[in-house]
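Below are the chains, spelled out letter by letter.
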Amino acid sequence: MSRTDWEVVIGLEVHAQLNTASKIFSGASTAFGAAPNVQASAVDIALPGVLPVLNRGAVERAIRFGLAIGAHVAPTSVFARKNYFYPDLPKGYQISQMDLPVVVGGEITIRVGEGEAAYEKTVRLTRAHLEEDAGKSLHEDFHGMTGIDLNRAGTPLLEIVSEPDMRSSAEAVAYARALHALVRWIDICDGNMQEGSFRCDANVSVRKKGAAAFGTRREIKNLNSFRFLQQAIDYEVQWQIDTLEDGGTIQQATVLFDPDSGETRMMRSKEDAHDYRYFPDPDLLPLAISDEWKARVKEEMFDQIGLLPEDWRKKFVDQYGLSRQDAIALTPFPRAPIVFEDAALAAAREGESVTDVAKVAANWVINEYLPRWNASAERHPDIAIPEGVHGSIVGYLIRLVRENVINNKTAKDLFDEFWQRAEAKFFDSHGGTEHDVDRLIEERGLKQVTDSGAIEAIIDEVLAANPKSVEEFRAGKEKAFNALVGQAMKASKGKANPAQVNELLRKKLTG
C-alpha cells in the first residue's frame with residue numbers, strides 16, 4: 001500500500017514566550033543568558049508562604065493575540081494547577097489554564113508552496129492560554145550528572161493550540177512560519193527559536209483516505225526550528241504508516257526528535273488531561289477582561305503597528321494591483337510595507353500614479369531590500385537594521401533608472417553601498433538622503449551615457465575588435481550578440497544605456 005492511501009492529520013501546539021521584562025507571577029527578570037539560577041525568585045522556586053501576582057503585561061499581550069486572529073477574548077478566564085512531578089518544576093505543578101482559557105477560536109490564513117502550485121488555506125485555532133514555563137535540565141558538562149537551572153521557571157508563555165487542520169509537513173511549517181511572523185508583528189514575542197522563545201509541539205496521526213475517525217496521535221515535543229519541524233513530521237508520518245501496514249498499532253505517546261539521526265523516539269506514554277489533576281489555582285482570582293480594557297489594548301496595538309499583515313495584503317492587491325504572492329512577500333515584518341509604499345511614492349514621476357510603479361517598487365523591495373535586511377539581521381540580531389535605508393532612497397534610485405540618469409546595475413551598486421554604510425552607522429537613522437545619492441553619482445561620474453553618437457562610436461570600436469563574434473552572430477548564434485553587448489557595456493565602463501546599446505548594436509549587425 002502506498003503513502004497516497006493514507007491521510008496525514010496534524011495539529012500544532014506552539015509556546016510563544018511573551019516579551020515582558022518580568023515573569024508572569026513574579027518580578028524576576030526574563031532576560032536571556034544569565035548565569036544559572038540568578039533569576040529565580042522566591043515565588044519562582046515556590047518557597048513556603050509566597051503568593052503569585054499576575055503580570056498585567058502578559059495579559060495584554062494575550063489580548064493582542066486574540067484580537068489579531070479574530071478570536072473571542074474571554075471576559076472571564078481561570079488559572080489552574082497542572083500537577084506533575086519533574087526535576088525542573090519546583091512547585092510540583094505548573095500554573096496554566098484549562099477549562100476557561102483567555103483566547104478561544106480564531107484563524108490564520110497560510111500560503112503553502114511556491115509559484116503556480118501554491119495554494120492558500122485557513123487553519124482554525126482552538127485556543128490560546130497563558131501559563132508559566134518550567135525550568136531547564138542541563139545535561140552537559142556535569143560529569144554524568146544533570147543540573148537544574150530555574151531561570152526560566154515562571155517565564156510567561158502563551159500556548160497557542162490549532163485544530164488538526166493541517167494535512168502535510170509543508171502545511172504545518174507554513175502555519176508555524178505565519179504564526180511566528182504574527183507574534184513578532186504584533187510585538188508580543190521576539191520569536192527567537194534558538195533561545196527557546198518560540199517552540200512547537202506537533203500532534204501527528206494518520207488515517208486511511210476517506211476515514212472519518214482520526215488515528216492515534218503521537219506528540220513530537222520541543223521543535224525549535226522550522227527545518228526540524230518538517231523533518232520530524234515527515235519521519236513520524238512514515239513511521240506510523242509503516243507500523244500500521246506491518247500490522248502493528250500506534251500507542252498514544254510523547255516523542256522526541258533527534259536531529260542527528262533524523263528520527264523520533266518515544267519519551268513516555270501520552271498523558272490525558274485527567275492525569276494532570278487540573279483544578280483552579282486557589283491563590284489566583286479569575287481573570288476579568290472588560291470591553292474597555294480590550295478596546296484600549298486594541299487602540300494601543302494599532303497605534304504601534306498600524307495595519308495587520310492581512311490588511312496590508314488586501315490593500316496591496318486592491319489598491320496597488322499587486323499579485324497575492326507579492327503582497328505576502330512584502331509583509332514579513334511591520335516596517336516592510338512602509339518601505340514599499342515610500343519606495344513607490346518616490347519612484348513615481350510627475351503626473352504618474354503610484355500604482356504605475358507599484359510592481360517595479362515591489363520587485364526592488366522583495367529582491368533587493370529584504371534579502372539585505374535578512375542578512376543584516378543574521379549578522380546583527382540586536383540592531384534595528386530595517387531603519388538602515390528608508391524606502392524613499394529605494395524609490396529615488398528606481399526613478400533615476402526610469403529617467404535614464406543611471407542604469408539598473410549602478411542603482412543596485414549604490415543601494416548596496418548605502419546599506420553597508422547604514423549598517424556601519426555611517427549615516428544617521430535616515431540611512432542617507434537623495435542629496436547623498438546625487439553627490440555620489442556626480443563625484444564618481446556614474447551618469448548613464450544616452451547620447452546615441454557616443455554609444456555608436458563605442459559599438460563601432462567593439463565590432464572592429466571582435467570580428468569573430470560578428471561572424472558567429474550572422475551565422476545565427478544569438479549568444480555572440482550577448483557577448484558583444486557585454487563588450488560594449490565594458491567599454492563604456494557600465495555607463496551606456498543598455499537598451500540603447502541593444503537597439504543600436506542589432507541595427508548595425510542586421511542593417
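A few points on the structure.

1. A word on the overall build of the protein
On a plain count of helices and strands, the protein comes out with 15 helices and 17 strands. Seen through its C-alpha atoms, the protein measures out along the principal axes to roughly 90 × 55 × 50 Å. Within the protein, the fraction of its 511 residues that count as buried is 48%. Across the protein, contacts joining residues at least 24 apart in sequence account for 69% of those joining residues at least 6 apart.

2. Observations concerning helix α10 (residues 408-423)
A rise of 1.5 Å per residue sets the reference length of α10, with its 16 residues, at 22 Å; its end C-alpha atoms lie 22 Å apart and thus fit the reference within 8%. Turning to α10, its buried residues number three or more, namely Thr410, Ala411, Leu414, Phe415, Glu417, Phe418, Trp419, Arg421, Ala422 and Glu423. With a side-chain oxygen positioned 3.2 Å from the backbone nitrogen of Lys409, the residue opening α10 is Asn407.

3. Remarks on the sheet that holds strand β5 (residues 93-96)
Overall, antiparallel pairing links the three strands, which are arranged β5-β4-β16 in an open sheet. Only two strands of the sheet have a single partner each, and these edge strands are β5 and β16 (279-280). Relative to β5, strand β4 (residues 80-83) is paired through four bridges, and the arrangement is antiparallel. Residue Lys82 lies in a different strand from β5, and its bridge partner there is Gln94.

4. A closer look at the side chain of Asn203
Along the polypeptide, Asn203 turns up in strand β12 (residues 198-208). Apart from residues lying up to four places away in sequence, Asn203 is in contact with Val9, Ile10, Gly11, Glu13, Arg217, Arg218 and Glu219.

5. Section: the pattern of salt bridges
Here the structure, examined in full by the defined rule, presents 31 salt bridges. Where Asp281 meets Arg81, a salt bridge forms, and the shortest distance between an N and an O atom there is 3.1 Å. Pair noted here: Asp281 is in the loop between β16 and β17 (287-288) and Arg81 is in strand β4, with a separation of 200 residues, a long-range link. For Asp281, a relative accessible area of 3% puts it in the buried group. Salt bridges sharing partners connect three or more residues here, namely Arg111, Glu120, Glu310, Arg313 and Arg324.

6. What to know about the pairing of strand β15 (residues 263-269)
Examined bridge by bridge, strand β14 (residues 253-258) and β15 share six bridges and lie antiparallel to one another. Bridging from a neighbouring strand, Asp258 pairs with Glu263 of β15. What sits between the antiparallel neighbours β14 and β15 is a turn of four residues, in which Gly262 has the positive phi angle 75°.

7. Thoughts on the side chain of Thr331
Tracing the backbone shows Thr331 in the loop between α6 (324-329) and α7 (335-347). Within the local environment of Thr331, its side chain forms a polar contact with the backbone oxygen of Ala327, the two atoms lying 3.2 Å apart. Here Ile328 takes part through its backbone oxygen, which lies 2.9 Å from a polar atom of the side chain of Thr331. Sequence-distant contacts of Thr331, that is, excluding residues within four places in its chain, are made with Trp185, Pro309, Trp312, Arg313, Phe316 and Pro337.

8. Structural notes on unusual backbone geometry
Positive phi, close to 60°, is recorded for Asp187, a residue that is not glycine. Within the secondary structure layout, Asp187 lies in the loop between α2 (169-185) and β12. The backbone phi angle of Asn222 is positive, close to 55°, even though this residue is not glycine.

9. Focus: the nonpolar core
Phe65, Leu130, Ile160 and Phe340 are the most contacted members of the largest nonpolar core, which has 113 residues in total. The contact partners of Phe340, leaving out residues within four places of it in the chain, are Phe316, Tyr320, Leu322, Leu330, Ala358, Ala361, Ala362 and Val365. Ile455, Ala480, Ala496 and Leu509 belong to the second largest nonpolar core, which has 18 residues in total.

10. Thoughts on the packing of α7 against helix α9 (residues 391-402)
Across the interface, α7 lies against α9 with an axial gap of 7 Å and an inter-helix angle of 35°. Once α7 is placed against α9, the crossing between them reads as right-handed. Across from Val339, Asp342, Ala343, Ala346 and Ala347 in α7, the residues of α9 making contact are Gly391, Ser392, Val394, Gly395, Tyr396, Ile398, Arg399 and Arg402. Taken together, the residues that form the contact of α7 with α9 break down as seven nonpolar, three polar and three charged.

11. Some details on the environment of Gly494
Structurally, the position occupied by Gly494 is in the loop between α14 (478-491) and α15 (498-510). Under the relative-accessibility criterion, Gly494 is labelled partly exposed at 25%. Ignoring sequence-local partners within four residues, the contact set of Gly494 consists of Asn407, Thr410 and Met489.

12. Side note on the state of the cysteines
For the structure shown, the criterion picks out zero disulfides. Cys200 supplies the cysteine sulfur nearest to Cys189, a cysteine that is in no disulfide, at a spacing of 11 Å. Judged by its relative accessible area of 1%, Cys200 falls in the buried class.

13. Section: the packing of aromatic side chains
Summed over the entire model, instances satisfying the criterion amount to twelve aromatic pairs. Taking the centre distance of 6.0 Å and the plane angle of 50° together, the rings of Phe228 and Phe257 count as tilted. Linking Phe228 in helix α3 (residues 226-245) with Phe257 in strand β14, this pair joins segments that are 29 residues apart in sequence. Residues Tyr369 and Trp419 carry aromatic rings whose centres are separated by 5.0 Å and whose planes lie at 90° to one another, so their mutual orientation is edge-to-face. Residue Tyr369 is found in helix α8 (residues 358-379), and its partner Trp419 is found in helix α10; the two are separated by 50 residues along the sequence. Assessed through its relative accessible area of 0%, Tyr369 is described here as buried.

14. Quick word on the pairing of strand β11 (residues 156-162)
The buried fraction of β11 is high, at seven of seven residues. Burial along β11 is two-sided: Pro156, Leu158, Ile160 and Ser162 and Leu157, Glu159 and Val161, pointing in opposite directions, are all buried. Where strand β1 (residues 6-17) and β11 come together, five bridges link them in antiparallel fashion. Residue Glu13 lies in a different strand from β11, and its bridge partner there is Val161. Of the strand pairs in this sheet, strand β8 (residues 119-132) and β11 are connected by seven bridges, and their pairing is antiparallel. When the sheet's bridge partners are listed, Leu125 is paired in β11 with Ser162.

Reading guide: rules and limits
- Just so you know, the residues in each chain are numbered from 1, in the order the chain's sequence is written.
- Owing to the predicted nature of the model, reporting of local features is limited to residues with pLDDT of at least 70; listing and counting of side-chain atom pairs is limited to 80 or more, with chain, interface and lining totals taken over all residues.
- The side-chain numbers reported here are obtained from all heavy atoms of the structure, hydrogens and water having been left aside.
- Put simply, DSSP marks the helices as runs of H or I at least four residues long and the strands as runs of E at least two long, and each gets a number from the N terminus on.
- Only protein chains enter the accessibility calculation, which uses a 1.4 Å probe. A residue is then buried if its area is under 20% of the maximum for its type, exposed if over 50%, and partly exposed in between.
- Pairs of residues are marked as contacts when any of their non-hydrogen atoms sit within 4.5 Å.
- What a helix is expected to span follows from its residue count: subtract one and scale by 1.5 Å.
- Polar contacts here mean pairs of N or O atoms no more than 3.5 Å apart (in protein, one a potential hydrogen donor and the other a potential acceptor; neighbouring residues in sequence count only if both atoms are side-chain atoms).
- A pair of strands counts as paired when DSSP detects no fewer than two bridges linking them.
- Criterion for a salt bridge: a side-chain nitrogen of Lys or Arg within 4 Å of a carboxyl oxygen of Asp or Glu.
- Working definition of a nonpolar core: buried Ala, Val, Leu, Ile, Met, Phe, Trp, Tyr and Cys residues. They are joined through side-chain atoms within 4.5 Å.
- The axes used here are C-alpha line fits, helices contributing only the stretch in contact, and every angle between their N-to-C directions lies in the interval 0 to 180 degrees.
- A clockwise turn of the near helix away from the far one marks a right-handed crossing, whereas an anticlockwise turn of less than a right angle marks a left-handed crossing.
- Residues are grouped as follows: nonpolar covers Ala, Val, Leu, Ile, Met, Phe, Trp, Tyr, Cys and Pro; charged covers Asp, Glu, Lys and Arg; every other residue, Gly included, is treated as polar.
- Our working definition of a disulfide is a cysteine sulfur pair at a distance within 2.5 Å.
- Between the rings of Phe, Tyr and Trp (Trp by its six-membered ring), a pair exists once the centres lie within 6.5 Å; its type follows the angle of the planes, with under 30 degrees stacked, over 60 edge-to-face, and the other angles tilted.

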